[in-house]
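Close look at the chain arrangement
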Amino acid sequence: MTVEEFQSKFGIIGKSREIKDLVSVLMQVAESDITVLINGESGTGKEVFARALHGASRRTGKNLVSVNCGAIPEGLLESELFGHEKGSFTGATDKRKGYFELADGGTLFLDEIGEMPLTLQVKLLRALETKEFMKVGAERITKVDVRIIAATNKDLQAEVEKRRFREDLYFRLKAVTLQIPPLRKRKGDIDLLTHYFIRNYCTDNDIPEPDITPDAVNYLREYSWPGNIRELKNTIETAIAMSRNSVLSVESFYHLIRIPEQSSSRNLPMPLNKSAEEVEREFIKLALFELKKDIMDLKNIVLETAERKPVPDVRVHDENEVSDMSMKSAEKAAIIRALRKAKGNRRLASVILGISERTLYRKIEEYDIKEVISDQGGS
Ligand SMILES: Nc1ncnc2c1ncn2[C@@H]1O[C@H](COP(=O)(O)OP(=O)(O)OP(=O)(O)O)[C@@H](O)[C@H]1O
Ligand SMILES: [Mg+2]
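Residues numbered from 1 in each chain as written. Chains lettered and ligands numbered in written order. Predicted model: local features only at pLDDT ≥ 70, side-chain atom pairs only at ≥ 80, totals over all residues.

**Comments concerning the overall build of the protein chain**
We apply this condition: Helix and strand labels come from DSSP, where a helix needs a run of H or I of at least four residues and a strand needs a run of E of at least two; each type is numbered from the N terminus. Buried, partly exposed and exposed are defined by the number of other C-beta atoms within 10 Å of a residue's own C-beta, namely 20 or more, between the two limits, and 12 or fewer respectively, with C-beta atoms placed from the backbone. With C-beta atoms placed from the backbone, a contact is any residue pair whose C-beta atoms sit within 7 Å.
In terms of regular secondary structure, the protein chain is built from 17 helices and 11 strands. In the protein chain, which comprises 379 residues, the proportion classed as buried is 30%. Pairs at least 24 residues apart make up 73% of the contacts formed inside the protein chain by residues separated by at least 6 positions.

**So, the site of ligand 1**
Operational definition: All residues are tested the same way: a C-beta atom is placed from the backbone, and lying within 6 Å of a molecule or strand makes the residue near it. In this document the domain limits rely on a domain assignment from an automatic tool or a database.
Close contacts around ligand 1 come from 16 residues, with I13, S42, G45, K46 and E47 the closest. Sorting the residues of the shell around ligand 1 by element identifies α3 (46-55) and α11 (228-242) as the ones contributing at least two each. Two domains each put at least three residues into the shell around ligand 1: domain 1 (3-181) and domain 2 (188-264).

**A word on the confidence of the model for the protein chain**
As a reminder of what qualifies: Values of pLDDT, which run from 0 to 100, indicate the predictor's confidence residue by residue.
Taken as a whole, the protein chain shows an average pLDDT of 85; of its residues, 84% reach a score of 70 or greater. Confidence drops under pLDDT 50 across residues 263-272; counting only partners more than four residues distant or on other chains, this segment forms 14 contacts.

**Here's the deal with helix α4 (residues 74-82)**
For α4, every residue scored as buried is listed here: L77, E78, S79, L81 and F82. Tucked inside the fold, the buried residues of α4 contact β2 (64-68), β3 (83-84), α5 (99-102), α6 (118-130) and β6 (132-134). Of the residues flanking the end of α4, it is G83, one or two places downstream, whose phi is positive at about 85 degrees.

**Examining the pairing of strand β1 (residues 36-39)**
Condition: Between any two strands, pairing holds if DSSP finds at least two bridges.
What you see with β1 is no split at all: V36 and I38 on one side and L37 and N39 on the other are buried throughout. Summarising the sheet, β1 and strand β8 (residues 147-152) pair through four bridges and their orientation is parallel. Bridge pairing in β8 places V36 opposite I149. Examined bridge by bridge, β1 and strand β9 (residues 176-179) share four bridges and lie parallel to one another. Among the inter-strand pairings, L37 is bridged to a residue of β9, identified as T177.

**A closer look at the nonpolar core**
We count it as follows: Each nonpolar core reported here comprises buried Ala, Val, Leu, Ile, Met, Phe, Trp, Tyr and Cys residues connected via C-beta atoms within 7 Å.
Counting residues in each nonpolar core, the largest one holds 40 residues, and the members touching the most others are I38, F100, L108 and I149. Not counting residues within four places of it along the chain, the set of residues in contact with L108 comprises V65, V67, Y99, F100, A103, V146 and I148. Core analysis: the next-biggest nonpolar cluster, separate from the first, contains 30 residues, I190, W225, F253 and L353 among them.

**Describing the sheet that holds β8**
Basically, it comes down to this: Each axis is a line fitted through C-alpha atoms, and for a helix only the stretch in contact is used; angles between axes span 0 to 180 degrees, taken between their N-to-C directions.
Pairing is parallel in the open sheet, where five strands are placed in the order β2-β5-β8-β1-β9. Because the sheet does not close on itself, it has two edges, and the strands there are β2 and β9. Looking at each pair of strands side by side, their axes are set apart by 20 degrees on average, direction ignored.

**With respect to the environment of S326**
With respect to the helices, strands and loops of the structure, S326 is situated in helix α14 (residues 316-341). C-alpha of S326 to C-alpha of K299: the two residues are 27 residues apart in sequence and 9.2 Å apart in space.

**Notes on the packing of helix α9 (residues 190-205) against helix α10 (residues 214-222)**
Spelled out, the test is: Less than a right angle of anticlockwise turn of the near helix away from the far helix marks a crossing as left-handed, whereas a clockwise turn marks it as right-handed. All residues other than Ala, Val, Leu, Ile, Met, Phe, Trp, Tyr, Cys, Pro, Asp, Glu, Lys and Arg, Gly among them, are scored as polar; the first ten of these are nonpolar and the last four charged.
Taken N-terminus to C-terminus, the directions of α9 and α10 make an angle of 115 degrees; their axes are 10 Å apart at the nearest point. Crossing of α9 against α10: the hand is right-handed. Of the residues in α10, those in contact with I190, D191 and T194 of α9 are V217, L220 and R221. Each residue belonging to the contact of α9 with α10 can be placed in one class, and the counts come to three nonpolar, one polar and two charged.

**Examining α9**
Going by this rule: A helix is expected to span 1.5 Å for every residue after the first. Throughout, the arc means that of the directions going from the helix axis to the C-beta atoms.
A rise of 1.5 Å per residue sets the reference length of α9, with its 16 residues, at 22 Å; its end C-alpha atoms lie 22 Å apart and thus fit the reference within 8%. Those residues of α9 that fall on the buried side of the exposure criterion are I190, T194, F197, Y201 and N205. Burial along α9 is one-sided: seen end-on, the buried residues are contained in an arc of 70 degrees. Away from the buried face of α9 by more than 90 degrees, exposed residues R199 and T203 are located. Buried-residue contacts for α9 involve β10 (211-212), α10 and α11. Positioned one or two residues after α9, D206 has a phi angle of 55 degrees, which is positive.

Right, here's the structure in full:
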């Protein structure tokens, strides 16, 4: 398989030397069981590379188990990783497999490994070296066959110097290190990624693809992308969702990412201070603001109607019913508006509404809003 074929198989977009080199290293080590450490800023594609590594290995038919070491409370991490026996601690009402066992035969992806508590690092190292471990509260060892991929956005060498990361574990992990460069250091990929995200988003949402002006692409190239590829993806999706015509221009991006004046003078790329989260937050704020206005309008309509038709002798029971009904119709209207605002994209609509996508799906079913969505040309 060529580098290009590999990239298209695993959705790794990029034509820069940096990406090509990384992909060819990845192809070389994919088939072995060697531990790989993936290092890079947030949003650079560490998970994309981890998936490709697993996908290209002989373990591809088995599980790829991802563990976010930073998201699990320290007290629980050991039993989450290695499992536990029934009654081994308060709350351990059943025996349970840990991630190591769940990944048996496959790959264990230890994400944010830099967040792993020192106490557990010793146990992890032992498990990596011997492929065996003790479940919490167990008397016998458990053996597994797993391939380890670890990822972090931290400089582990520096963490070792600060004594926050064990040196022996660091040496064990870093045998093969894939250092993914930030997007601002491979601007040559921005063009390709931009078109890729436009195409994907429009296909997923079944909407026509907008054109993008050369100026707009240049504008994207000048920005420094602190949130890297994730930020680029979000920015493009938001720009498409909010644009009113079929061409993405500089104006489409101007309110989402702002390049400081001085830096437009070519060779002085300024550090930009807006993170991907901030961009998203701004968009959500805007959408919420508009939604709030809509709800106020709706409330006024409901109140006006109620004033015009005084209901005689309403009992408490009926009153509940009435308000329950108007709540429901307000909720339905809010959902329809959010869906329209999001051009039928349910994920975006759920963000606007501040509810989970699953809840949104349930409510769409409940209120039977399907037609509105297809009318809107949504997903
Ligand atoms: N080379 C790439 N080609 C196409 N899409 C990419 C590429 N790299 C990253 N992405 C996309 O960018 C987003 C972020 O990627 P990913 O989750 O892999 O980043 P990450 O480095 O794991 O971030 P974090 O440190 O925040 O966990 C995802 O939507 C991913 O699909
Ligand atoms: Mg990640």
